[in-house]
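Chain and residue survey
Listed here are the chains, written in short residue letters.
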Amino acid sequence: MRVATWNVNSVKQRLPRLLPWLDERAPDVVCLQETKLTDDAFDALLTAPLAERGYEVAAFGESRWNGVALLSRVGLVDVVTGVAGAPGFPHPEARAVAATCGGVRVFSVYVPNGREPDSDHYRYKLAWLDSLRQVVAEQGDDVLVCGDVNVAPADADVFDPAAFVGHTHVTAPERAAVDALGLRDVVRERWPDERVFTYWDYRAGMFHQDLGMRIDLVLASDPVASRVAAAWVDRKARKGTGPSDHAPVVVDLDTAPDGDVGPVVPPPSAPRPQRTAKLPQS
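Cut-off values and rules
Along each chain, the written sequence defines residue order, and numbers are assigned to residues from 1. Reporting of local features is limited, given that this is a predicted model, to residues whose pLDDT is at least 70; pairs of side-chain atoms are given and counted only at 80 or more, and all residues count toward the totals for whole chains, interfaces and linings. Side-chain metrics in this entry use all non-hydrogen atoms of the structure; hydrogen atoms and water are not considered. A pair of strands counts as paired when DSSP detects no fewer than two bridges linking them. Strands are runs of DSSP state E lasting at least two residues, helices are runs of H or I lasting at least four, and both sets are numbered from the N terminus onward. Contacts between residues were defined by any pair of non-hydrogen atoms, one from each residue, lying within 4.5 Å. Only C-alpha atoms enter the line fits that serve as axes; for helices the fit covers just the stretch in contact. Angles between N-to-C directions range over 0 to 180 degrees. Disulfides are defined as cysteine sulfur pairs within 2.5 Å. Buried means the residue's accessible area, taken with a 1.4 Å probe over protein chains only, is under 20% of the maximum for its type, while exposed means over 50%, and partly exposed covers the values in between. What counts as a salt bridge is simple: a side-chain nitrogen of Lys or Arg found within 4 Å of a carboxyl oxygen of Asp or Glu. Only rings of Phe, Tyr and Trp enter the pairing, Trp through its six-membered ring, and a pair is recorded when the two centres are within 6.5 Å. The plane angle decides the type: under 30 degrees is stacked, over 60 is edge-to-face, the rest tilted. Criterion for a charge above a ring: Arg CZ or Lys NZ at most 6 Å from the ring centre, at most 35 degrees from the ring normal.

**Concerning the sheet that holds strand β2 (residues 29-33)**
Strand order in the open sheet formed by 7 strands is β3-β4-β2-β1-β12-β11-β13, with mixed pairing between adjacent strands. Looking at strand neighbours, the two that pair on one side only are β3 (56-60) and β13 (264-265), the edges of this open sheet. Summarising the sheet, β2 and strand β4 (residues 68-72) pair through 5 bridges and their orientation is antiparallel. Residue pairing across strands places valine 29 opposite serine 72, the latter belonging to β4. Here helix α2 (residues 39-52) sits on the sheet and contacts β3 and β4; the angle it forms with β3, its principal contact strand, is near 160°.

Right, here's the structure in full:
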């Protein structure tokens, strides 16, 4: 089973790239974030082309911000939108959808950004992650949490740790909140020493210089993590005209149709970490 997660930064804008990408990579389960469409609008835009490709759909969206979805060709059972007990800002936002796909409980999540340490939004982020932790703990043995978690788990997951000091995404409480989910970071486990990013700001040539962050994660329970045959970032999907600022993360369970292709496809450009990045919360 191939599982992918992708912050598309507006599914309407990304549709000319999303559908060909589905045809090329043929994922069985896809977790989308930042869809930025109401459920009715998502259905009107995507139900027919996704059905042609064999996907069932569970979407949870808003008209301008946030929004998540699950696409599955291996079943979509017991769909739940939102995270029980999670706070809003001030109202609950469309940040999570879960379903059982191919025997695995899959969550597509878009974690709040946090904006600035010790701000109200930062506290909201930590409380939201704690509610997610409680929900995940109530699931069975086979669990995947996939999505844009807006946390770089370690200094190796940002192009220059010094550039991020005093900002969100890298603070100890945020990293601890992700660790507290009790799941395994399958990309980093498979590639412990590699330079792997999933997000690059649009400006200043950040992508071409590989000045990025790894904030899009696939987190797995032990039984699911033990099935990983390949785990990689599809950097190709970040290239070309009209891309999202995030690249998809792809994880193959049990078998790897393309082989164990490496951490990043294709290989990243030569890094130039002396440049100053525009941070995603700015």
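**Focus on the state of the cysteines**
The tally for this structure, following the rule as stated, stands at 0 disulfides. For the unlinked cysteine cysteine 31, the closest cysteine sulfur is that of cysteine 146, found at 4.1 Å. The class for cysteine 31 is buried, based on a relative accessible area of 0%.

**What about the pairing of strand β6 (residues 96-101)?**
The element β6 is extensively covered by neighbouring structure, given that 5 of its 6 residues are classed as buried. Judged from the 6 bridges that link them, β6 and strand β7 (residues 104-110) form a sheet pairing that is antiparallel. By the bridge assignment for β7, cysteine 101 is matched with valine 104. Hairpin connection between β6 and β7: a loop of 2 residues separates the two successive antiparallel strands, and glycine 102 in this loop has a positive phi of roughly 60°.

**Re the pattern of salt bridges**
What the rule picks out here adds up to 22 salt bridges. Arginine 25 is the salt-bridge partner of aspartate 234, the closest N and O atoms lying 2.7 Å from each other. With a gap of 209 residues between them, aspartate 234 in strand β11 (residues 228-234) and arginine 25 in helix α1 (residues 11-25) connect regions that are remote in the sequence. Put simply, Asp157, Asp185, Arg188 and Arg214 are held in one network by salt bridges that share partners.

**Some details on the sheet that holds strand β8 (residues 143-148)**
Spatial ordering of the open sheet is given by β5-β6-β7-β8-β10-β9, a layout of 6 strands whose pairing is mixed. With partners counted over all chains shown, the strands left at the sheet margins are β5 (77-81) and β9 (184-185), one partner each. In the sheet, β5 pairs with β6 via 3 bridges, with the strands oriented antiparallel. Bridging across to β6, valine 77 finds its partner in threonine 100. Here helix α3 (residues 120-137) sits on the sheet in contact with β6, β7 and β8, set at roughly 175° to β7.

**A few points about the packing of aromatic side chains**
In total, this model carries 4 aromatic pairs according to the counting rule given. Their ring planes at 25° and their centres at 5.2 Å tell us that phenylalanine 89 and tyrosine 124 sit as a pair that is stacked. Of this pair, phenylalanine 89 sits in the loop between β5 and β6 while tyrosine 124 sits in helix α3, placing them 35 residues apart in sequence. The partly exposed category is assigned to phenylalanine 89, whose relative accessible area is 32%. Judged by centre distance (5.9 Å) and plane angle (75°), the rings of phenylalanine 159 and phenylalanine 164 are edge-to-face. Here phenylalanine 159 matches phenylalanine 164 in class, with each residue buried. The ring of tryptophan 200 is capped by arginine 235, whose NZ or CZ atom sits 5.6 Å from the centre of that ring.

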